[in-house]
Amino acid sequence: MTVSVFETLREQVAIVKVARTRTLLKRAGKMMRGKCPIHKDATPSFFIYDDARAHCFGCQFHGDVIDLHAALKGLNPGIEAALDLAHEHNIKLPDRDPDAQRKADERRQKEAEYEDQALTCHQALSQQQTVIEWWNLRGFNDELIKRYILGSTQDGTAATIPYWHRGRIKGLIRRRLQG
């Protein structure tokens, strides 16, 4: 089985270590929390979850150690950032299979598109009081709505739920509201 460059880096470079080069992190339950290392942050809005993914509620950054490295260094996300991170940490990477690389790039592009859609729907939620009430009736408070990037369609006829897998959005579920 071929191990990808991305998997190798996620296993060998702790996201907490990369984040701590620019910010102070403190434990908050199972998470680490601090001021965002990417944007000027007045209050701690940056979280690292136990699945080694980070999210900032201020600038809406979301990603793994490679995405964080890219954001901190001003690099393009993906292979450019991965190679730079590997070089910085002296990590020998497995040889890349061009077909596997193409598929990984396509998958990451799709994930980025789904994340953009989820963020658009999350922003639309603020204009849809009926959908906000629908989420609240199901036990989702403001914090959970933000954390999971729950949202609404622009016309307010459906709630939107990002389908998460291993810290990445793999699709968007639309739950039509009754009445």
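Cut-offs and rules
- Residues numbered from 1 in each chain as written.
- Predicted model: local features only at pLDDT ≥ 70, side-chain atom pairs only at ≥ 80, totals over all residues.
- Heavy atoms only, no water.
- Axes fitted to C-alpha atoms, helices over the stretch in contact; angles between N-to-C directions.
- Helix = DSSP H or I, 4+ residues; strand = E, 2+ residues; numbered from the N terminus.
- Parallel < 35°, antiparallel > 145°, perpendicular 65-115°, else oblique.
- Left-handed = near helix turned anticlockwise from the far one by under 90°.
- Contact = heavy atoms within 4.5 Å.
- Nonpolar A, V, L, I, M, F, W, Y, C, P; charged D, E, K, R; others polar.
- Polar contact = N/O pair within 3.5 Å; in protein donor to acceptor, adjacent residues only side chain to side chain.
- Pairing = 2+ DSSP bridges.

Chemist: Is there a simple way to explain the packing of helix α1 (residues 5-12) against helix α4 (residues 79-88) in this structure?
Modeler: Helices that pack against each other are described as a pair by the angle of their axes relative to one another and the distance between those axes. Contact pair α1 / α4: the axes reach a minimum separation of 10 Å and the direction vectors enclose 45 degrees. Compared by their axis directions, α1 and α4 come out oblique. Seen along the crossing, α1 lies across α4 with a hand that is left-handed. Between α1 and α4, the contacting residues are V5, F6 and L9 on the first element and I79, A82, L85 and A86 on the second. Considering only residue class, the contact of α1 with α4 consists of 7 nonpolar, no polar and no charged.

Chemist: Hey, could you run me through the side chain of S45 in this one?
Modeler: Here S45 is to be found in the loop between β2 (31-34) and β3 (46-48). Every residue in contact with S45, bar those within four places of it in the chain, is listed here: G34, C36, H39, H55, C56, F57 and G58.

Chemist: Any chance you could explain the side chain of H62 here in plain terms?
Modeler: By the element assignment, H62 lies in strand β5 (residues 62-63). A polar contact of 3.4 Å, which involves the side chain of H62, links it to the backbone oxygen of A54.

Chemist: Explain the sheet that holds β2 here, please?
Modeler: Working definition: the strands of a sheet are paired by backbone hydrogen bonds and lie parallel or antiparallel to each other. Read from one edge to the other, the open sheet built from 5 strands follows the order β1-β2-β3-β4-β5, with strand pairing classed as antiparallel. Each edge of the open sheet carries a strand with a single partner, namely β1 (25-28) and β5. Sheet topology note: the β2/β3 ladder contains 3 bridges and is antiparallel. Within the sheet, the bridge partner assigned to G34 lies in β3 and is F46.

Chemist: Hey, could you run me through the packing of helix α3 (residues 65-73) against α4 in this one?
Modeler: Running from N to C, α3 and α4 point in directions that differ by 90 degrees, and their axes come no closer than 9 Å. By the angle class used here, α3 and α4 are roughly perpendicular. Taken together, the residues of α4 that come into contact with α3 (itself represented by V65, I66, H69, A70 and K73) are A81, A82, D84, L85 and E88. A class-by-class count of the residues in the contact of α3 with α4 yields 6 nonpolar, 1 polar and 3 charged.

Chemist: What is the right way to look at the pairing of strand β7 (residues 158-165) in this model?
Modeler: Successive residues of a regular strand alternate their side chains across the two faces of the sheet. Judged from the 2 bridges that link them, strand β6 (residues 151-152) and β7 form a sheet pairing that is antiparallel. Among the inter-strand pairings, G151 is bridged to a residue of β7, identified as T160. What sits between the antiparallel neighbours β6 and β7 is a turn of 5 residues, in which G156 has the positive phi angle 75 degrees. Two elements, β7 and strand β8 (residues 168-176), share 8 bridges in a ladder whose sense is antiparallel. Considered in β8, the bridge of T160 is made with R174.

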